[in-house]
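Architecture at a glance
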Amino acid sequence: MGGKVTCTLGEVKNRADLVIYWGGNPAECHPRHFTKYALMPKGKFVPNGRKDRTMILVDIRETPSAKAADIFLQIKPTKDFEMITVLRAIIKEQPVDPAIVAEIGLSLEQLRDLADRMKKAKFGVMFFGMGLSMTRGKHMNSAALLTLAAELNAFTKFVAMPMRGHGNVTGGDVIMRWMTGYPFGVNLARGYPRFNPGEFSTIDMLIRGDCDAALILGADPGATMPQPAIDHLARVPTITLDPKVTHTSRISRVHITTAVTGISAPGTAYRMDEIPLPLRPALKSPYPTDEEVLRRIRQKIACKPLQLPPTVPMMTDAE
Amino acid sequence: MELTITKNATCTFCGCVCDDIELHSDGERITHTKAACVLGASWFKNHTAEHLYPDALIDGKPATVDEAIELAADILYDADMPLIYGLSNITCEAQRESVGLAEMVGGIIDSHTSL
Amino acid sequence: MRGNSILRIVGGRVYDPANGVDGVVRDLCICDGKIVADVEAGRTIDATGMVVFPGGVDVHTHVAGAALNFARAMIPEDHRRNLAFVRDRIRHGGIGGSTPTTYITGYLYAGQGYTTVNEAAVPILTARHTHEELRDTPIIDKSTCVLMANNEIVLDLLEAGEYERAKEVVGWSIWAAKAYGVKAVNPGGVTAWKWGKDVKGFREPVPGYSKVTPADIVSSLAKIVDELRLPHAVHLHCNNLGAPGNVATTLETMKALEGSRAHLAHLQYHAYGGDDWTNFRSESVRIAEEFNRNPNLTTDAGAVLFGNTVTITADGPWQHLLHKLTGRKWGNIDVENETGCGVVPYVYKEKNLVNAVQWAVGLELLLLIDDPWRIYLTTDHPNGAAFWRYPEIIRLLMDLDFRREQIRKLAPAALNRIFLPELNRCYTLYEIAIITSAGPARALGLANKGNLGVGADADVAVFNNDKDAAKMFSYPRYVIKGGEIVIEEGEIRNTVEGKGLLVRPHYDPSVEDFIRPLFEKHYTMSFDNYPVELERVEHAEVRPCN
C-alpha cells in the first residue's frame, strides 16, 4: 500500500496502552527506549506508567528484552511476513489457513489474542527492528507491518515506527529528502536526482564495481560489508573521514581524522521520530569537523573548471 | 584542568538521540555522565580531546589535513562516478555538505538506510 | 539579500494597487534593494509594452517542514512523472512536481514572479527543521505560522478558563518557533484524532475535554492574536474541511469570530452543501454573501485544478477519511501535544462530480467575493494543485471564453450543483495584481511588500503583455528580488538568498516557569533544546508588532 502511520515518541509516552516490539531488542540496543519514551514513563493519559501498558515482544529468540514483556511471542525464523499477513486476515475476520499458522510457530489462539488486544487497545504502537526489516522479506516485511498498523485505524488508534539505529541516520534521510526528493541511494550524475534502490544503493554499486572513487564518512563499511564490496573500495581511491582510524581508513588512499559528532563537533541530529535536536559538544577537538573538511573539499573543487552534466537543458523529463 | 559541566547534551550513539545528558569534562575527556545509558556513557567516555590519531593519512602515511583535502578534491573531481556513503554518525550540517558535494561531482549519495 | 544594483525600468505599464496605480506607463527606479524616486546611473531595463507588477506574495502554502518532507519520501512516482531541474553554473539540480525540493521551490516561485511566501503550518517541536529547509529555499522571503489550535497546553488553559495565561503561552510559542503568525487547523479536531476521533459539533466540547469547544478555541486564538498585535490575523483552517455540508460550520465560524480579525485559509474546501457525497454541491454563494458582510475577514481561494497532486495537512482525521475514500497510500505523523499531519496522494478528475464541484467552488469564491483586497490566489499548495499552476487559474479568472470551454469538459451532472456557469465576471490585470500581491501583502501586514511605492522592497515582476494570461504569468521577462535581477528572459540569472520574517510578540518571560514543568512531564525532549535559536533563521528579520 505504501505510506506510514506514525507519531513522535511523546505520543507513545502519553497515550500508548499497547506497546509491541517486533524483531528488536531495545533492552540491549536502545536501552532508554523503555525507560524514557515508550514503556516505563508516566504519561498524560497513562498516569500509572508501566502498569497502564501491555508490552508484547515478537522475536525469533528470547532476548533480554523478553524480561520486560508481558507477553513474549517466539516465532520461527523468517516467518514474520506470514504472521503479519495472518494478523491482517484475523482482524478483518477472514479465514486463516491452519498450515500457515503452524509454520509461524504460534497457536491460532495466540494470534487471535494478539489481534484482539490490538483492536481493543486505546492507542497501540508497533516498534520494529532489524529482526524484521533486515531478514528474509526485508522491506516487504516492513511494508506489511506498516499496512497492518494503518488498517488497525479502522478500529482504534494505531501507529508504527522503525527502531532506527546508527545515531543520526534519520538526519541523512531527512536532508536527502529536502535536497533531492529521495531518502537514500540518490544518483546525481545527470545533474538531477535519480532514485533506484538496488541500482544506486551502495552494496550493489560496489559489488558491480560501478563507482570509480568513494568518500566514506560516518560509517565503517570496511568492517561490515560483504567482502566483494570491501574489495572494490580497496581497488578504487577511497577517502575516509572518521574520528578514528577505521578498517575502512586502512584500505583508503586518504584518511582525515575529524571531530566527534555531539562530543566535539556541534550541529544537529535527528531522533528516530524525526525530531531535530541541537548538539552540545563538551570537548574541543584537535581535529576539524566533518562539516569543515567537506566545505574545504568543496571549495577546492570550486576552484577547478566547472564540470557540468553532458547536456544542460534547464529542465528535463525526470525519467 | 578545570571541570566543565554541559547540560542537555545530546547523545548520538543510537537512534533514540536522548538530549537530556549531563556531561562533566576536564577539558581532555568526559569524566562523568548523568542520565546516559550504558551504551551512551561508554560512547561519551570513549572519545577524548587527545590527539591520538594522525591528522590525516595518505596511502597509510601521515600527512597534513591540507594535503589530504587537496588529494580528496582531486580524486572526487577526477572520478566519473564517485560514491559518497555513510552519513550516520555525522551532523546534519555535515550531511548537507555531503549532498552538496555529491551534486558538485555528479556522484551517488547513500546512507545506511539502503542496507 | 539586499542588492546594490541600481536599476531603472522604463516604459512598462505599472500595476500598483496599493498606491492606486492602474496600468500607468511610468518608470520605476531601484537602488539599494528599495524602490526609490529616481536614480542617476545604473542599468536600464526597457519594459516598453510590458506589464510591471509588485512581486507576488503567497499567503498560504506548504513548502517546507516535517510534513511536506514526509510527503516527498512518499511519492517518488510523482518525482518521476514531473520535470526535473538540471544543475548548471548558477542553479542546483532538483525535482519539481507536487513537492519540489527546496532549491527548486525557490526557483519555481521566483520563476513566476513570486518573491514572498508564507509557510502555513509549523509545529514548535519541529520548527528547527522547517527553518533549515527554508534556509535552502533561495530567492524568496519566507514567513511561517505556528500551529496552536491543538496545542494541549493552550487547550488545557482554555478548558480551565485561564485565557490570560493562554495568551502568554501563545506569545512564548511564536518566539520559540521563530514564527510570524498563528495557525489554527481543525481546532480541537487534531487533538481528538490522537484517539482516532474528530470533533463533533462546533459548539460541542472537544473529545477528551468537558468544556472547551472548537468555537472557544477559534474565538480565543483570534482575540489572542489581536491582543498580541501580530501583523497577521489568526490563520484559520476551519473544522470539517472537505466534508459535504460543511458550509454550516464555516458560517458558524465566521459568527464566532465576533468581529476579530481572521484569515480563513483555503475557503474552497469549506464551502460545500449536501449531506453526503451523492448530493455534494457548491455553497459558494452563501459563503461569499456572509463573507462580504464581515470586513474583519480575509481569505484565500484554495482553488483546485484537475490533475495529480498530493494532499498534506495537519488535519489528521480528514486525511484518514480521504485514505479510506480513495484507497491511496496514507501517511500520518502525530506530533506530541501539539498537532498532527496526514499525507494522501490524490488526483482531481474533471469527470468526478465531487472534484468538478471543488474546481468550480474555488473559482466561484474568487468571482463572488466582491472585494479583491480580501481574497487571494492560492491552491493550498500542494493540496489543490502545485503553486506553479497559479497562471492557469489567472487565465480562468480573466478569460471568460476559456472558462466556458473548461466548464464544458465537466461531467454534465455537475452543472446543476455549481454556480460557475452563471458568473460572467472577469478579473482585470489590476485585480490580479491585488489577489497575487498587494492583497496578501496587506493581509500579512507586510507594508514593504506587494507595492511599488518609494521605500518598498524592490521586489518586482515584469511580464510580457500576452493575450494568454497563463502564458503571460508563467514566464515573466524579468523578476527583481530585493533590487537584484534574478530572472531575465525567463532564465534564472542570480540566486540571491531570501529573508526569514518573524515577530517577537510581547509576553511575560516568567510564563516559562509555567510551561517548563508541564513540558518536562509531557514531552520527550529537553525544554532548553526546544526553542529555535534566532541564529538558526537565515537572514532573520524581526518585524514589529503594533
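These numbers come from a predicted model, not from an experiment.

What counts, and where the lines are drawn
- Residues numbered from 1 in each chain as written.
- Chains lettered and ligands numbered in written order.
- Predicted model: local features only at pLDDT ≥ 70, side-chain atom pairs only at ≥ 80, totals over all residues.
- Heavy atoms only, no water.
- Helix = DSSP H or I, 4+ residues; strand = E, 2+ residues; numbered from the N terminus.
- Rg over C-alpha atoms; globule rule 2.2 N^0.38 Å.
- Contact = heavy atoms within 4.5 Å.
- Areas by Shrake-Rupley, 256 points an atom, 1.4 Å probe, with all protein chains shown as cover.
- Lys, Arg positive; Asp, Glu negative; His and termini not counted.
- Charge placed at Lys NZ, Arg CZ, Asp CG, Glu CD.
- Buried area = accessible area lost by both parts, 1.4 Å probe.
- Salt bridge = Lys/Arg side-chain N within 4 Å of Asp/Glu carboxyl O.
- Buried < 20%, exposed > 50% of the residue type's maximum accessible area, 1.4 Å probe, protein only.
- Arc of directions from axis to C-beta.
- Polar contact = N/O pair within 3.5 Å; in protein donor to acceptor, adjacent residues only side chain to side chain.
- Pairing = 2+ DSSP bridges.
- Axes fitted to C-alpha atoms, helices over the stretch in contact; angles between N-to-C directions.
- Domains from an automatic or database assignment.
- pLDDT = per-residue confidence, 0-100.
- Parallel < 35°, antiparallel > 145°, perpendicular 65-115°, else oblique.
- Nonpolar A, V, L, I, M, F, W, Y, C, P; charged D, E, K, R; others polar.

Attention now moves to the overall build of chain C. For chain C, the helix and strand inventory stands at 17 helices and 28 strands. The C-alpha atoms of chain C give a radius of gyration of 22 Å, which matches the 24 Å a tight globule of 546 residues would have. Overall, the C-alpha framework of chain C stretches about 65 × 60 × 45 Å when taken along its three principal axes. Considering only residue pairs separated by 6 or more positions, chain C has 76% of its internal contacts joining residues 24 or more positions apart. Accessible surface, chain C as shown: approximately 16900 Å² in total, 48% of it carbon and sulfur. Put simply, chain C has 58 plus and 68 minus side-chain charges, and the middle of one group is 3 Å from the middle of the other.

Turning our attention to the interface of chain A and chain B. With 94 residues of chain A at the interface, the matching set in chain B holds 90 residues. Between chain A and chain B the total buried area reaches about 8400 Å² when both faces are included, carbon and sulfur atoms providing 65% of it. For chain A, the biggest contributors to the area lost against chain B are A:Arg32, A:Arg253 and A:Arg298; these three give 8% of the whole. Linking chain A with chain B are eight salt bridges, by the criterion used here.

Let us now look at the pattern of salt bridges. The tally for this structure, following the rule as stated, stands at 68 salt bridges over all chains. With a shortest N-O distance of 2.3 Å, A:Arg296 and B:Asp66 are connected by a salt bridge. Of the two residues, A:Arg296 is situated in helix α14 (residues 290-302) and B:Asp66 in helix α2 (residues 65-78); the pairing between them involves two chains. The exposure class of A:Arg296 is partly exposed, given its relative accessible area of 27%. For B:Asp66, a relative accessible area of 47% corresponds to the partly exposed category.

Given 3.6 residues to a turn, an α-helix orients residues that are three or four positions apart in the same direction. Residue and element names in this part refer to chain C. Considered for burial, the residues of helix α14 (residues 400-407) that qualify are Leu 400, Phe 402, Arg 403, Gln 406 and Ile 407. The arc that holds every buried residue of α14, seen down its axis, measures 160°, which confines them to one face. Those residues of α14 hidden inside the fold are in contact with α12 (353-368) and α13 (390-398). Measuring from the backbone nitrogen of Asp 401 back to the side-chain oxygen at the start of α14 gives 3.2 Å, which picks out Asp 399 as the cap.

All right, on to the sheet that holds strand β25 (residues 484-488) of chain C then. Residues and elements named next belong to chain C. Pairing is mixed in the open sheet, where seven strands are placed in the order β3-β2-β7-β23-β24-β25-β26. Unpaired on one side and paired on the other, β3 (21-25) and β26 (491-492) mark the two borders of the sheet. Summarising the sheet, strand β23 (residues 460-464) and strand β24 (residues 478-481) pair through three bridges and their orientation is antiparallel. By the bridge assignment for β24, Val 460 is matched with Ile 480. The strands that helix α15 (residues 429-444) touches are β2 (13-16), β3 and β7 (50-54); relative to β7, the one it contacts most, it runs at about 30°.

The assigned domain composition of chain A is domain 1 (9-162) and domain 2 (169-302). Taking the mean C-alpha position of each, domain 1 of chain A and domain 2 of chain A sit 33 Å from one another.

Our next topic: the sheet that holds strand β5 (residues 34-36) of chain C. Residues and elements named next belong to chain C. The four strands lie next to each other as β5-β4-β1-β6, forming an open sheet whose pairing is mixed. Looking at which strands have only one partner, the edges of the open sheet turn out to be β5 and β6 (43-46). Mean inter-strand twist for the sheet, computed between neighbouring axes without regard to direction, equals 30°. Examined bridge by bridge, strand β4 (residues 28-31) and β5 share three bridges and lie antiparallel to one another. From the neighbouring strand, Cys 31 faces β5, where its bridge partner is Lys 34.

The next point concerns the confidence of the model for chain C. The share of residues in chain C with pLDDT of 70 or more is 99%, and the mean pLDDT across the chain is 96. Both scores are given for the predicted complex: the pTM is 0.96, the ipTM 0.97.

What follows covers the environment of C:Thr99. Within the secondary structure layout, C:Thr99 lies in the loop between β10 (94-95) and α3 (102-110). Using a relative accessible area of 0% as the deciding quantity, one classes C:Thr99 as buried.

Before going further, it helps to examine the packing of α13(C) against α14(C). Residue and element names in this part refer to chain C. It is at 5 Å that the axes of α13 and α14 come closest, and there the two elements cross at 105°. The angle between α13 and α14 falls in the class roughly perpendicular. Here Arg 395, Leu 396, Leu 397 and Met 398 of α13 come into contact with α14, specifically with Leu 400, Phe 402, Arg 403 and Gln 406. Within the contact of α13 with α14, the residues separate by chemical class into five nonpolar, one polar and two charged.

Counting from both sides, the interface comprises 59 residues of chain C and, opposite them, 60 residues of chain A. For the pair chain C and chain A, the two sides together bury roughly 5300 Å², of which 57% comes from carbon and sulfur. When the buried surface of chain C facing chain A is broken down by residue, C:Arg80, C:Trp195 and C:Thr524 rank first, second and third, together holding 14% of it. A salt bridge links A:Lys157 to C:Asp334, with the shortest nitrogen-to-oxygen separation between them at 2.6 Å. One can count 32 residue pairs in polar contact (both at pLDDT 80 or more) joining chain C with chain A. Both strand β1 (residues 5-7) of chain A and strand β20 (residues 331-334) of chain C contribute to a ladder of three bridges, which runs parallel. Paired with A:Cys7 across the bridge in β20(C) is C:Asp334.

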